[in-house]
Each structure stands twice: as structure tokens, then as C-alpha cells.
There are 2 protein chains.
Amino acid sequence: MAAERQNRPTIRQVAAHAGVGFKTVARVVNGEPNVAPATAAKVQKALDELGYVPDESAGSLRRAGGRTRTIGLTISNVANPLAAQIHGGVEAVAMAHNVATFAASLNEDPEAELAHTAAFLRRRVDGLILTAVAASQKYLQRAVDRGTPIVFVDREPVDIHTDRVVVDNAGATKIAIAHLARHGHRRIAHLGDLESIQTARERRRGYLETVRELELHVDEDLLVLDLPDELHAYDATRRLMHSPNPPTAIHSAQNLITIGVVRALRDMGLSRQVALVSFDDIPLGDLLEPAVTVISHDLRRIGQVAAERLFARINGDVSPPRKIVVPTQLLVRGSGEIPAA
Amino acid sequence: MAAERQNRPTIRQVAAHAGVGFKTVARVVNGEPNVAPATAAKVQKALDELGYVPDESAGSLRRAGGRTRTIGLTISNVANPLAAQIHGGVEAVAMAHNVATFAASLNEDPEAELAHTAAFLRRRVDGLILTAVAASQKYLQRAVDRGTPIVFVDREPVDIHTDRVVVDNAGATKIAIAHLARHGHRRIAHLGDLESIQTARERRRGYLETVRELELHVDEDLLVLDLPDELHAYDATRRLMHSPNPPTAIHSAQNLITIGVVRALRDMGLSRQVALVSFDDIPLGDLLEPAVTVISHDLRRIGQVAAERLFARINGDVSPPRKIVVPTQLLVRGSGEIPAA
DNA sequence: CTGAAAGCGCTAACAA
DNA sequence: TTGTTAGCGCTTTCAG
């Protein structure tokens, strides 16, 4: 029942309309030299009258290198503010290169990762910027071997050696925990994201190492892992604070977890008693009371750097794969400086 | 200097490898009938060994209807949390239809609107979901005539008659102002977004009409328009509250403006004196003190509905263009219920 | 059930 | 300066 569609003029129809060979039209469209001004004008007129719109994909079919001037991007979720910042960074660079971006959300679903990368590859994208969600990215080796550059963002991929742009998750966590310890805390809880996420594991590692190094209280109950969302973080916080031996400080290791923790502490009236440092900034974190001390990182920059790396590869850079670490920053705002009871 | 790329097997190479005609391979790849099981197995083996990845764009070149299974989406800014929600809604529907989405940010730049829609059209997207930013969308008429469906989101387009999914901006503003009036306010300020934005003009209209209807104070100083960002909103609020005759309530007509207003009131210590209703929800708006009363709308739903409309058109729906109004909701949280002094 | 021929809209290579 | 021929990787059509 589809409408009569796609009745767009082809280059040959334009040529017929202008009374020239179609190659001449192609020359005008692509700004190639060797067209007499008079001819060019005639062609341009036909172009305008018919409203010619070149078909990029048809062009890239034969074009040397077969570039499609598209890239594919997968992020954890386009509607997650942090992930959206990565998207913004990538997009700015892609736009500057006159390249269109396919964007897709994964929502931590490995199947989605496979499906979307396959779809991008079928569309012959010139490169991929990916957030690793599946347990292994080995399946992408063939694509890399065939010359599709891939840059991973935010998380380290597994079983594949390519460029990646990440932050020092363990190191930054160390700084967060040490900051709390400096304010007298010995019982510090760590609320972590899904263990399937590489950055979550790194943050946990940073926590455990620092607890050992600084000889803080070691207590299984203080380590809460695998929190899938804000609600679970909320419940976990309540349980934690109602336990016989509650922590005096909390390290919440992801933005949504932090929001759950903040809500829970607020509801229990503990916002000003229990110290809190968040890994990831949260929106309006500086306007809450107390304002939330966070480990912040520039996600837009991660996206930008990744895209720049990708375009370098697309343009022939064959240097060894690089791991680029974008700096993090501890933003001291109040919640992290509450002293131990 | 480009690497040796694009050495992917073609359908003919797979056919040679399997010792069959290439049409037989195409049958297997596309799940067409009339292939002997033994032949199919042989072909499948070759497919796997060579790692065949079909070229979607080459396929759509000849395919009936010429569908590319891609759509184009432009939003005000991918990194804006509200716009990202629209993206999320569109994406979910597109994914269900097995269609890839090109996404681009406009940042209120009319040039960007023209450039991106042109780029999408050159890539022969099956449809467009657009946020109107330019003064007129007349330039898209030819694309529509040629059968590329377009659905506008969030803002009404100009000079073109197509499907659109919007909210009742003037009506919702009316509700906001009336809400403030019900709490005794007569001097209500309106801080508005850029006047080039259609929704900003509608919200202003709703404000002015309600002021007249309810016979509230009319004062040019209470109407602050064309605020481009949070910082300008911050400054405008300070100026407003320092004026000889300051308002007792503020209607901030966009999410970023609200954040500027909240910061300013906070810094002036007026958060609990001056009532505030925001058009657009803001992140953690319920955790601020006081929590912010807002006009909220489901942007994810806007994206979803728009995408569903688009796919209906792509699949042949030729009913008259529809204007779909998604409901808004007044979320009463505290800031809007502060009584007049 | 299988395959060969034609052609989608364009670019590349070469001829006039 | 211009036009012609080939062919990109696939789908369509039609012949075996």
C-alpha cells in the first residue's frame, strides 16, 4: 500500500533535461574542473528546476575506498544524561568531518550490542565508537581486520586490542575513599553498579585496595554490589543504615546509585550525618543540601577524543592501538567533608 | 595513506567458494524459499567461513521502494537531557522496526537544520523526525512531495503541513499561572526562552492571556524574554528581584532557565519567599529545597508517538496530516505553593 | 530448485 | 571540454 515514492530525478534525467551528457552533470555536482561556464550554468539550472538530490550511498558503492561518510555509535543509553554527553562530543567532531552518525542505545544488553554493531557493519560505516557491554568483543576482530576502525569509550573492551578512551576508575575511587578517610571515616561503604560492567569492577577494586592500604574497617556488609538502578540503591542504603553497625560514610559508585543514596539519606534524615562521595557527577549536585562531593569526568571530552582518534584511523593512521585516559576531578562540595561521628 | 580496507567478501565470492550460483547465495542470505537443504547447508558454511556481511545500501539501490531502513532525527541538542529523552523514545520504536537512526543536534542553528536534513535526504532515509529551528520549513515540501514522510516533534513547523507531535504550551502555561494566582500571587514574572523558538512564543502567549483573564498585575518589567541560557536567566532573576517592585512569583518557561532561576533565588536567600513554577521538569527537581513545582511532559512518549506516526506513513498511511497533542501535568512539589507575601 | 542477464545511481577510467 | 564504457554489490526478472 506504499505511496508512489522515490521519484527523484537521477543524474541522467538531469543531463537529458539540460541537454548534456550525464558525466558533465556529475562534474558540476561534484565541483570537478573542466566544465565550460556556459555549460555549468545550463546544468545548474536543470539541477535547480528538477531539485536534484545526489544519492550518497549509490556514490560510495563505486568510490575509491568505498567510504560512506557515516559512523556508528553505541552508548549505554541515549536518554542517560551522562551517555548523552558522550554522544554530544562525538557528534561535534563527526559534524566537522561532514559525517553522519548512527546512534543506538544498548541498555546493558549484550544482544543489543551484537545486533547494533552488525547493523552498522551491514551499512558499511567508516568506523565505530562503542561502549562495551557484552562479555567479550572478540566478534569484532574480523571487522577490525577488514579495516573498520573501532574506538571504545568509557569501558575497556575484552579480547580485542583497539583504541579506547577511558578514565582511571580504580585510581579515582582511591582518591574518593582517601578523601573520606582524611575526614576521619573508618567505616566506609561502597555501593557499586552491576558487576558485569567493567568500570564497576574497577571501582570496586579501587575501593578494596584503598581500604586495605589505609587499614580501614573491613566488613562484607559495607560492600554492596550489583545495584541495577536507583531504586535498588535506595533500598540498599536504607538496609545499610539500619544494620547493627552502619557506615559513617558512603561511596556511591555511579550516578544513578548516588541519586538513590541521596534520596534514602534524605528520607532517613541522615543527609548531614553520613558523608557521601559520588563517582560521577549528578545534575544539580551542587544545589542539593548538602551539595554532593563527586568524582567528575568530562564525558563530552571523552566523546570528542574518541571521535578524533576514530577519524585519524579512518584517514590511515596505523600506529599501535592507544589507550587514552581522560582525567577525573574531585569536586569538593560538602557531602564528602562531613566528619566521622 | 588509507589502509587496505573494504576487503569484504561479496555475494559472488561466497558463491564461488560454495560452488553455486550467486543467486542461490542471495536466497540463503535473505531466507527466500526454493533452496535444497543440502545446498543451503553448503552455502551457510561458505557464509560462515568467509564471514559474509551483506551490504545494505547496495541492496536498497535496486530494491522495490528503495527503502534504506534508516531514518533521520534532529533534536535541539543530543546532550540536553530533555531532548535526549525524545531520542530515546524514537530509538525504541525504530529499533523495533529494525531501522537505524541518524541523530543530529541543531543547537538552535537554522543552518544546521538545513545541512542535516539535506545530508539525511542524500542518504535516502525512509523518513525524518525533526525539531523545527529555522523560520520556515518550506524547503522540505519537495521532499514530502517525493514521498519522504516527515514528523515534527516538540515544535510546530512553519509553511508546511505534516504530522507533528507537540504539547499544549499556551494551555499548560495558563495552568501554571493560574496555580500561582490561586496562591494569592498578583505580580507574577515570566522568564522566557529565545523568541525564535515557537514553543517559547506559545508559552509567552499563555502567560499574557492568563494575566489578562485573571486581571493580574500587568508590568513590562515582569516579562523577560529571549533568555538564551542558564546564566542569562540567573542574571535576569537577580535584576528582577532587585528591582523597585519585584514579583512575588516566577514562571520560568524552560528547564535551563529554571535552573538559573533556582540558583539565583538560592544565592539571594529567596528560595522560600518567592514562588516558582517551571515549564519543563528538571533533574532532581523533587530533591531541591523547596522542591520545584513543574509542568512536566513525557518527552520519551513524544518521541515514541512521533516514530510510530512516521512508520505508519512509511508503510503507506496517506490520511491527512495529524497534530498529536501529548498531555502535560502539573507536579505540585512545594515551590509553586509558597503564598504571596 | 537453480542460475544468467539486466539494471539501481553513481564514480572511475578512458576515449573523443 | 565533453561523452562513453565499465562496474560497485546487490535485487529483480526471467530462463533453464
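Residues numbered from 1 in each chain as written. Chains lettered and ligands numbered in written order. Predicted model: local features only at pLDDT ≥ 70, side-chain atom pairs only at ≥ 80, totals over all residues. Heavy atoms only, no water.

Looking at an unreviewed UniProt entry, one finds chain A named LacI family DNA-binding transcriptional regulator, with Kineococcus glutinatus as its source organism.

(A) Fine view of helix H1 (residues 11-18) of chain B. Residues and elements named next belong to chain B. For H1, the set of buried residues is Val 14, Ala 15 and Ala 18. The buried residues of H1 all sit within an arc of 100° when viewed along its axis, so they share a single face. Relative to its buried face, H1 has exposed residues pointing more than 90 degrees away, namely Arg 12 and Ala 16. Looking one or two places after H1, you find Gly 19, whose phi comes out positive at around 75°. (Buried < 20%, exposed > 50% of the residue type's maximum accessible area, 1.4 Å probe, protein only. Helix = DSSP H or I, 4+ residues; strand = E, 2+ residues; numbered from the N terminus. Arc of directions from axis to C-beta.)

(B) Quick peek at the UniProt feature "domain: HTH lacI-type" (unreviewed entry) in chain A. Taken from the UniProt record, the annotation "domain: HTH lacI-type" (unreviewed entry) applies to residues 9-63 of chain A. As annotated, residues 9-63 of chain A has a helix share of 67% and a strand share of 0%, and its two end C-alpha atoms lie 21 Å apart. (UniProt positions renumbered as here; feature names shortened; annotations may be inferred.)

(C) Examining the protein's contact with DNA strand D more closely. Residues in close proximity to DNA strand D total 28 residues, the closest being A:Thr24, A:Asn34, A:Thr39, B:Lys23 and B:Tyr52. Close to the protein, within 4 Å, the atoms of DNA strand D are drawn from sugar and phosphate at a rate of 59%. A:Thr24 places a polar side-chain atom, nitrogen or oxygen, 2.6 Å from a phosphate oxygen of DNA strand D. Taking A:Ala36, its main chain carries an N or O atom lying 2.8 Å from a phosphate oxygen of DNA strand D. (Near = heavy atom within 4 Å. Polar contact = N/O pair within 3.5 Å; in protein donor to acceptor, adjacent residues only side chain to side chain.)

(D) Region of interest: the nonpolar core. A:Leu191, A:Ile250, A:Leu288, B:Leu191, B:Ile250, B:Leu265 and B:Leu288 are the most contacted members of the largest nonpolar core, which has 83 residues in total. The contact partners of B:Leu191, leaving out residues within four places of it in the chain, are B:Val224, B:Leu227, B:Ala233, B:Thr237, B:Leu240, B:Ile250, B:His251, B:Ser252, B:Ala253, B:Ile257 and B:Val261. Judged by nonpolar contacts, the second largest core, of 28 residues, contains A:Leu128, A:Ile150, B:Leu121 and B:Ala132. (Core = buried A, V, L, I, M, F, W, Y, C linked by side-chain atoms within 4.5 Å. Contact = heavy atoms within 4.5 Å.)

(E) The sheet that holds strand E8 (residues 249-252) of chain B, seen in detail. Residues and elements named next belong to chain B. A sheet is described by the order of its strands in space; here 6 strands give the open sequence E7-E6-E8-E9-E10-E12, paired in mixed fashion. Every interior strand has two partners, whereas the edge strands, strand E7 (223-227) and strand E12 (328-331), have only one. Neighbouring strand axes in the sheet, compared pairwise and without regard to direction, differ in orientation by 15° on average. Both strand E9 (residues 275-279) and strand E10 (residues 293-297) contribute to a ladder of 3 bridges, which runs parallel. Considered in E10, the bridge of Val 277 is made with Thr 293. On top of the sheet, helix H9 (residues 198-213) reaches strand E6 (188-193), E7, E9 and E10; it is set at about 165° to E6, its chief contact. This element, helix H10 (residues 230-242), spans E6, E7 and E8 of the sheet and lies at about 165° to E7. (Pairing = 2+ DSSP bridges. Axes fitted to C-alpha atoms, helices over the stretch in contact; angles between N-to-C directions.)

(F) Region of the structure containing the interface of chain B and chain A. Taken together, the contacts link 64 residues of chain B with 64 residues of chain A. If you look at where chain B meets chain A, you find 10 salt bridges. A salt bridge links B:Arg263 to A:Asp286, with the nearest nitrogen and oxygen atoms 2.4 Å apart. Joining chain B to chain A, the criterion identifies 30 residue pairs in polar contact (both at pLDDT 80 or more). Only helix H3 (37-50), helix H4 (56-62), helix H5 (81-96), strand E2 (100-105), helix H6 (110-122) and helix H11 (255-268) of chain B provide two or more residues apiece to the side of chain B that touches chain A. Of the residues assigned to the side of chain B that touches chain A, the class counts are 27 nonpolar, 18 polar and 19 charged. (Salt bridge = Lys/Arg side-chain N within 4 Å of Asp/Glu carboxyl O. Nonpolar A, V, L, I, M, F, W, Y, C, P; charged D, E, K, R; others polar.)

(G) Spatial organisation of the protein's contact with DNA strand C. As a matter of local geometry, DNA strand C sits amid 28 residues, with A:Ile11, A:Tyr52, B:Thr24, B:Arg27 and B:Thr39 nearest to it. Each atom of DNA strand C within 4 Å of the protein was assigned to sugar, phosphate or base; sugar and phosphate come to 58%. In the model, a phosphate oxygen of DNA strand C is placed 3.2 Å from a nitrogen or oxygen of the A:Asp55 main chain. Within the contact set of DNA strand C, a phosphate oxygen lies 2.9 Å away from a backbone nitrogen or oxygen of B:Gly21. Contributing elements (two or more residues each) for the surface near DNA strand C: helix H1 (11-18), helix H2 (22-29) and helix H4 (56-62) of chain A together with helix H2 (22-29) and H4 of chain B. Split into classes, the residues belonging to the surface near DNA strand C amount to 13 nonpolar, 7 polar and 8 charged.

(H) Structural context of the relation of the copies chain B and chain A. After a rotation of 180° and a shift along the axis of 0.0 Å, chain B superposes on chain A with an RMSD of 0.1 Å. Taken together, the rotation and translation describe the operation of a two-fold axis. No C-alpha of chain B lies nearer the rotation axis than that of B:Phe102, which sits 2.2 Å from it. (Least-squares fit on C-alpha atoms with pLDDT ≥ 70 in both.)

(I) Structural detail: the pattern of salt bridges. Tallied over the entire structure, the rule returns 51 salt bridges over all chains. Across the salt bridge formed by B:Arg123 and A:Glu56, the nearest N and O atoms sit 3.3 Å from each other. Of this pair, B:Arg123 sits in the loop between H6 and strand E3 (127-130) while A:Glu56 sits in helix H4, on two different chains. Using a relative accessible area of 17% as the deciding quantity, one classes A:Glu56 as buried. Of the charged contacts, one joins A:Arg124 and B:Asp55 as a salt bridge, the two residues approaching to 3.8 Å between their closest N and O atoms. Linking A:Arg124 in the loop between helix H6 (110-122) and strand E3 (127-130) with B:Asp55 in the loop between H3 and H4, this pair reaches from one chain into another.

(J) Quick look at the packing of aromatic side chains. Using the criterion set out here, one finds 3 aromatic pairs over all chains in the structure. The interplanar angle of 20° and the centroid separation of 5.8 Å between the aromatic rings of A:Phe102 and A:Phe120 together place this pair among those described as stacked. Note that A:Phe102 is positioned in strand E2 (residues 100-105) and A:Phe120 in helix H6, a separation of 18 residues in sequence. Exposure remark for A:Phe102: the relative accessible area of 2% places this residue in the buried category. Members of the aromatic cluster, each reached through a chain of ring pairs, are A:Phe102, A:Phe120, B:Phe102 and B:Phe120. (Phe/Tyr/Trp six-rings, centres within 6.5 Å; stacked < 30°, edge-to-face > 60°.)

(K) Spotlight on the sheet that holds strand E9 (residues 275-279) of chain A. All names here are of chain A. The mixed open sheet is built from 6 strands, whose spatial order is E7-E6-E8-E9-E10-E12. Pairing within the sheet leaves two strands with one partner each, and these edge strands are strand E7 (223-227) and strand E12 (328-331). In this sheet, adjacent strand axes meet at a mean angle of 15° when their direction is disregarded. Packing of helix H10 (residues 230-242) onto the sheet brings it into contact with strand E6 (188-193), E7 and strand E8 (249-252), and relative to E7 it is tilted by some 165°.

(L) A look at the environment of A:Pro327. Residues and elements named next belong to chain A. Structurally, the position occupied by Pro 327 is in the loop between strand E11 (323-325) and E12. With a relative accessible area of 58%, Pro 327 lands in the exposed category. It is 29 Å that separates the C-alpha atoms of Pro 327 and Thr 70, two residues lying 257 residues apart in sequence.

(M) Layout of the packing of helix H8 (residues 169-182) of chain B against H9(B). All names here are of chain B. It is the contact of H8 with H9, at a shortest axis distance of 7 Å, that shows an interaxial angle of 45°. Taken together, H8 and H9 sit at an angle that is classed as oblique. The hand of the H8/H9 crossing is right-handed. Within the contact between the two elements, H8 uses Asn 169, Ala 170, Thr 173, Lys 174, Ile 177 and Ala 178 and H9 uses Thr 199, Glu 202, Arg 203, Arg 205, Gly 206, Tyr 207, Glu 209, Thr 210 and Glu 213. (Parallel < 35°, antiparallel > 145°, perpendicular 65-115°, else oblique. Left-handed = near helix turned anticlockwise from the far one by under 90°.)

(N) The arrangement of the confidence of the model for chain A in detail. Taken as a whole, chain A shows an average pLDDT of 94; of its residues, 98% reach a score of 70 or greater. Low pLDDT (under 50) marks residues 1-6 of chain A, which in the prediction has 13 contacts with non-local residues, meaning those over four places away or in another chain. (pLDDT = per-residue confidence, 0-100.)

(O) Quick look at the side chain of A:Thr117. All names here are of chain A. Here Thr 117 is to be found in helix H6. Since its relative accessible area comes to 1%, Thr 117 is described here as buried. With sequence-adjacent residues up to four places away left out, Thr 117 is seen in contact with Leu 130, Tyr 139 and Leu 140.

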